[in-house]
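One-letter residues, chain by chain:
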Amino acid sequence: MESRLTSPAPAADRRRHPVLRVAGGSVGAILLALLLLILLWRWDWFVPLIDRKASAALHRPVSIAHLHVSLGLNTVVTLDELDIKQPENFADEKEDFASAKHITVAVKLWRYVTGHGLEIPRIVIDSPRGDIVARADGTANYIFGDASASSAKSSDAMPVPRIDSLTITDGDIRVALAKFHADMRLLVHMLPPRNGPQSEDDGRIVVDAKGRYAGQPITGHLVGGALLSLANRTHPYPIDAHIENGRTHISLKGTVDDPLHFAGTKLTLHLTGPDMALLYPLTGVPIPHTPAYSVAGKLNYTADHIRFDDFEGRMGTSDIGGDIAVDPHDHPPTLDARLHSHRVDLTDLGGFIGASPRGEKAPPPTSPAGHVLPDQPIDVPKLNAINAHLVYHGDHIENRKAPLDDIDAEIVVKDGSIDMRKLNFAVGSGTLGMAATLDPAPHDQFTTKLRVDMSRLDIARLMRATGTFKGKGTLGGHVTLNATGNSVASLVANGNGGLTLVVDHGGDVSALLPDLAGLKLGSALLSAMGVPDRSKLLCFIANMPLRQGVLHTDTLLLLTDATRSTGAGTVNFRTNQMDYSITTRSVHMNILSIPGAIHVSGPIDAPSITPGAEVIGRTAAAVGLGVLFPPAALIPTIQFGVGKGGVCEAALQEADTRPAAGIAPGSTTGKGRPVVKAAPSAHHGARHAPPKRTHLSSGDVHAAWERKLHGHP
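Note that the coordinates shown come from a computational prediction; the quantities given were computed from them, not determined experimentally.

Notes on the overall build of the protein
Step number 1: When you go through the protein residue by residue, the secondary structure sums to 13 helices and 34 strands.
Step number 2: Within the protein, buried positions represent 39% of all 713 residues.
Step number 3: In the protein, once contacts between residues fewer than 6 apart in sequence are set aside, the share between residues at least 24 apart is 51%.
Step number 4: In the structure as shown, the protein presents an accessible area of about 39300 Å², 60% of it carried by carbon and sulfur atoms.

Laid out in C-alpha cells, this is it:
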C-alpha cells in the first residue's frame, strides 16, 4: 500500500491574525463600494434637497429636472429645466415666474477653498423666461419675503463674486406694471465679441421690446455692452437705444462711465413727439401740454442729479433750448429748468397757462348765459408730483395778434403751491408784468393772490391787431385780486381787490374803447353816450374796487376833445349782472346833442342800453316843441359845455390818493407823470364826481339860443 505525503502549510499563513483578515475584508468591501458608487452615482440625488432649500428661500415652488457636476479645479455645475412657479397670491397668472432650459456655472473651487474669494469664469443661461408683474394694489411677484429683513441682512451678505463671462441666449421676459399701464415683452440675447474671444470687446446685449406702455403701443431696440462690463470702471459702457411709445420717439446714444457708481456720461438724447405731456410716464417729470416738438441735447447724470444740458429744438413754431436738472432723491423730485427761445409764438406756450395747445380744439364752453369770464377749471397737472423752479426768457414774440415784444418768466412749484414770481412782457417802451401765488385749497380750489402791473404801455401797439386805431398814448396802472376758486370766473366772483387804470393821450376813442372793454356793446354804447366818431381821447381814468365779486366805481372818467363822460354803478360777477350809468356832457357848447345819463344793465355779456330821465325828458320836449314850432325843437338839445378844466388831474389825484387796486398808478403812464393840458376848473383838486345837472328857466334857454344864433359864446 502506497502512502501519501503532504507538505505542511506555510508558517506565515498559520500565524496570520484574525484582525488582519477582517481589515483586509473591510478594505475590499470599501473599494468595491467606491467602485459601485462611482459606477452608479447620480447628482440628481441632491435634486429634492435643492428644490426644498430653494423653495423655502424664494417663497414659491422651485424645481429642477437634473443636476450635473463636473469636479475639478474649475468645477462646472449645470441645472436642467429650472422652473420657478408664481407665489401663492399670483397663482392665476398664466406663465411661471421664471424658467430656463439650462443654466451652467463654472466655479474656481480651489480659489474659494483657499480663501481667495469666489471667482466664476462663466455663466451660460439658455432660453430664460420670465413673468414680472406689479398690480395696482402695490403687490408684486418679484418681492421675495420680508423686504425689510432682507435689507437688514444686506450688510452681512457675502461679497459679489467676480464673473468673467455671462451669456444669455433666446431670452423672453414679460413685464406687466399696472401703475404704468404697461404690458410688454422683452426679447434678450447676447452678441459675441466682434473680433473674437481674445479681443477686448466683451460682446453686446440686445433687447427688443414690444407691447403697450402708458396705454400706448411701444416698440424698442437697445444695443448695449456686455452686462458684466457694467461694473468695469475703466471702460465706458456703450448704449444705442431707440424707443417709440405711441407717437413719442426717443433715441439715446453714447457711453456711460462706471454706471454702477454714476461717474458720468457722454450721451445724446433726442426727443420728438406730438405733446411733451406724454413724456411723464417715461421720465417721471410732469410737463404741461405742448404742440409738436423735437429737441436734442446732452444727457448727463451723477449720484445727485440727472441733467439734460444744452438742448435745442422746436416746440410748435417756436425754438426752445436750455438746461434741465432733476434730483431724483428728493420726494417729490426737484426740477430746475433754465429755458430760452429766440423767437416764440405765445400760442405754443398755451399749455403752461391752462390753455389748449396748438393744433387742438378748445373744449366747448360750459359757462351759463351772461358770463364773460371763462369758468373752465384751471388745468395745473400733477402739482404734487414734483417741486420745480422754472426760468424762461423769449427774445422775440412772433404773433400778429399779440402786440408783445419779449417775455420773462420765473415760476416756482413747491409742495403743491405755485408761485409765479414774474411773468413780464415788453410792449414797446412799456412793460406788462404779472405775479401770482396759487395755494391748494379744499375741493380742488386755489387760494390766489394776483397782481398785474402796467407801465407806459403803448396803446397804438396794443391796438395794432385791430387795424383801425390811430393816435398815440400810454396805458398804466395796476390790477389786484385775492380770492379762492378753481377758474377765472370763480376767482373773480369770490374776489377782493380792484383796478386802477390811467390812459394818457389816446387816439381814436371809437376804436379804442370797444376793443379794450371786450364787450358786445361796440359803437352802440358810444353812440348812446353821444361820443362823436373819431373823437380824440385826452384821458381815461378808472379807479374801481372789487369787493366780494362786485366791482364798484370810485372814478370812471373818459375825456375827449368833445365830451366828458363819467360812470357810476356796479358790475356783479357773482350774478353776472351789471347796473351802470354813464353821463356824458359836451366840453363845448353844442347843438343837436341830447345830454344826460344812459343806463347799461342786465347780463354782462349782452346788457341793454336805455336812456336816463334827463335824456327822455329832453327828447320828449324836443318832440313837443317840434310839433308846435319846428325850430324850437333844437332848444332841448343845446349843451353849453362843462369845459375841459383840470378834471383829469383831479381824477388822477384821487386814483393816486385812494387807488382801488391798492397801488398808486404814479408814473406808470406817459413820460414820467402824465400831464393833461387844460384850462383851470372849479373842480380842480377836488374829488371827482359826476357833474351836477343845471336847471335852466325858459328865459335862460331863450337867451342862450339868441346868443348862439348871433355867434356869441
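Having put the structure on the table, let's press on.
Concerning helix H3 (residues 47-58)
Step number 1: Look at H3: 16 Å from first C-alpha to last across twelve residues, which is about the 16 Å you get at 1.5 Å a residue.
Step number 2: Backbone geometry just after H3 places His59 at a positive phi near 60 degrees.

Looking at the nonpolar core
Step number 1: Grouped together as the largest cluster of nonpolar side chains are 78 residues, with contacts concentrated most on Leu271, Tyr392 and Ile407.
Step number 2: Ranked by size, the runner-up nonpolar core spans 13 residues in total, among them Val62, Leu82, Ile103 and Ile120.

Let's talk about the pairing of strand E32 (residues 577-586)
Step number 1: Taking burial as the measure, the ten residues of E32 include eight buried ones, the bulk of the element.
Step number 2: For strand E31 (residues 563-572) and E32, the ladder comprises ten bridges, and the chain directions are antiparallel. By the bridge assignment, Gly569 is partnered in E32 with Tyr580.
Step number 3: A loop of four residues connects E31 with E32, the two strands running antiparallel in sequence, and Asn576 in this loop sits at a positive phi of about 55 degrees.

Quick notes on the packing of aromatic side chains
Step number 1: Per the stated rule, a full pass over the model turns up three aromatic pairs.
Step number 2: Summarising the aromatic geometry, the rings of Phe180 and Tyr213 are spaced 6.0 Å apart at their centres and angled 10 degrees between planes, so their arrangement reads as stacked. Within this pair, whereas Phe180 is found in the loop between strand E10 (171-177) and strand E11 (182-191), its partner Tyr213 is found in strand E12 (residues 204-213), the two being separated by 33 residues in sequence.
Step number 3: Judged by centre distance (4.9 Å) and plane angle (5 degrees), the rings of Phe308 and Phe311 are stacked. Across the pair, exposure class does not vary: Phe308 and Phe311 are buried alike.
Step number 4: Over the aromatic face of Phe97 sits the side chain of Arg60, whose NZ or CZ is 4.8 Å from the ring centroid.
Step number 5: The cationic tip of Arg135 hangs over the ring face of Phe90; the distance from NZ or CZ to the ring centre is 3.9 Å.

Here we look at the pattern of salt bridges
Step number 1: Summed over the entire model, instances satisfying the criterion amount to 17 salt bridges.
Step number 2: With a shortest N-O distance of 3.1 Å, Arg307 and Asp309 are connected by a salt bridge.
Step number 3: Taking relative accessible area as the criterion, Arg307 reaches 33% and is therefore assigned partly exposed.
Step number 4: Put simply, Arg451 and Asp453 hold a salt bridge, and the shortest N to O gap is 2.8 Å.
Step number 5: With a relative accessible area of 22%, Asp453 lands in the partly exposed category.
Step number 6: A single salt-bridge network, built from bridges that share partners, covers Glu93, Asp131, Arg174 and Asp183.

Section: the environment of Pro238
Step number 1: Mapped onto the secondary structure, Pro238 falls in strand E14 (residues 237-245).
Step number 2: A residue is classified by how much of its surface remains accessible, and Pro238, at 38% relative accessible area, is partly exposed.
Step number 3: Along the primary structure Pro238 and Val223 are separated by 15 residues, whereas in three dimensions their C-alpha atoms are 8.1 Å apart.
Step number 4: In contact with Pro238, other than residues within four places in its own chain, are Val223, Gly224, Gly225, Gly254 and Thr255.

Focus: unusual backbone geometry
What is expected of a backbone is that most residues other than glycine have negative phi and most peptide bonds are trans.
Step number 1: Residues His331 and Pro332 are joined by a peptide bond in cis, for which omega reads -5 degrees.
Step number 2: Mapped onto the elements of the fold, Pro332 is located in the loop between strand E19 (318-327) and strand E20 (334-344).
Step number 3: One non-glycine residue, Ser127, lies in the positive phi region at around 55 degrees.
Step number 4: Among the structural elements, Ser127 can be located in the loop between strand E6 (122-126) and strand E7 (129-134).
Step number 5: A positive phi angle, close to 55 degrees, is found at Asn576, a residue other than glycine.

Let's talk about the pairing of strand E2 (residues 66-70)
Side-chain positions along a regular strand alternate between the two faces of the sheet.
Step number 1: Examined bridge by bridge, E2 and strand E3 (residues 74-84) share five bridges and lie antiparallel to one another. Note on E3: the bridge partner recorded for Val69 is Val77.
Step number 2: Between E2 and the antiparallel strand that follows it, E3, lie three residues; Gly72 among them carries a positive phi value of about 160 degrees.

Topic: the confidence of the model for the protein
Step number 1: In the predicted model, the protein carries a mean pLDDT of 75, and the fraction of residues at 70 or more is 67%.
Step number 2: Contacts for the low-pLDDT stretch residues 514-522, under 50 throughout, to residues beyond four places or in other chains number twelve contacts.

Some points on a nonpolar patch on the surface
Step number 1: A surface patch of nonpolar side chains, amounting to about 570 Å² of accessible area, comprises Leu73, Leu109, Trp110, Tyr112 and Val113.
Step number 2: Position of Tyr112 relative to the elements: it lies in helix H4 (residues 109-113).
Step number 3: According to the relative accessible area criterion, Tyr112 is partly exposed, its value standing at 46%.

What counts as what
Residues numbered from 1 in each chain as written. Predicted model: local features only at pLDDT ≥ 70, side-chain atom pairs only at ≥ 80, totals over all residues. Heavy atoms only, no water. Helix = DSSP H or I, 4+ residues; strand = E, 2+ residues; numbered from the N terminus. Buried < 20%, exposed > 50% of the residue type's maximum accessible area, 1.4 Å probe, protein only. Contact = heavy atoms within 4.5 Å. Areas by Shrake-Rupley, 256 points an atom, 1.4 Å probe, with all protein chains shown as cover. Expected span 1.5 Å × (residues − 1). Core = buried A, V, L, I, M, F, W, Y, C linked by side-chain atoms within 4.5 Å. Pairing = 2+ DSSP bridges. Phe/Tyr/Trp six-rings, centres within 6.5 Å; stacked < 30°, edge-to-face > 60°. Lys NZ or Arg CZ within 6 Å of the ring centre and 35° of its normal. Salt bridge = Lys/Arg side-chain N within 4 Å of Asp/Glu carboxyl O. pLDDT = per-residue confidence, 0-100. Patch = residues over 30% accessible without salt bridge, like charges linked within 9 Å, V, L, I, M, F, W, Y side chains within 5 Å.

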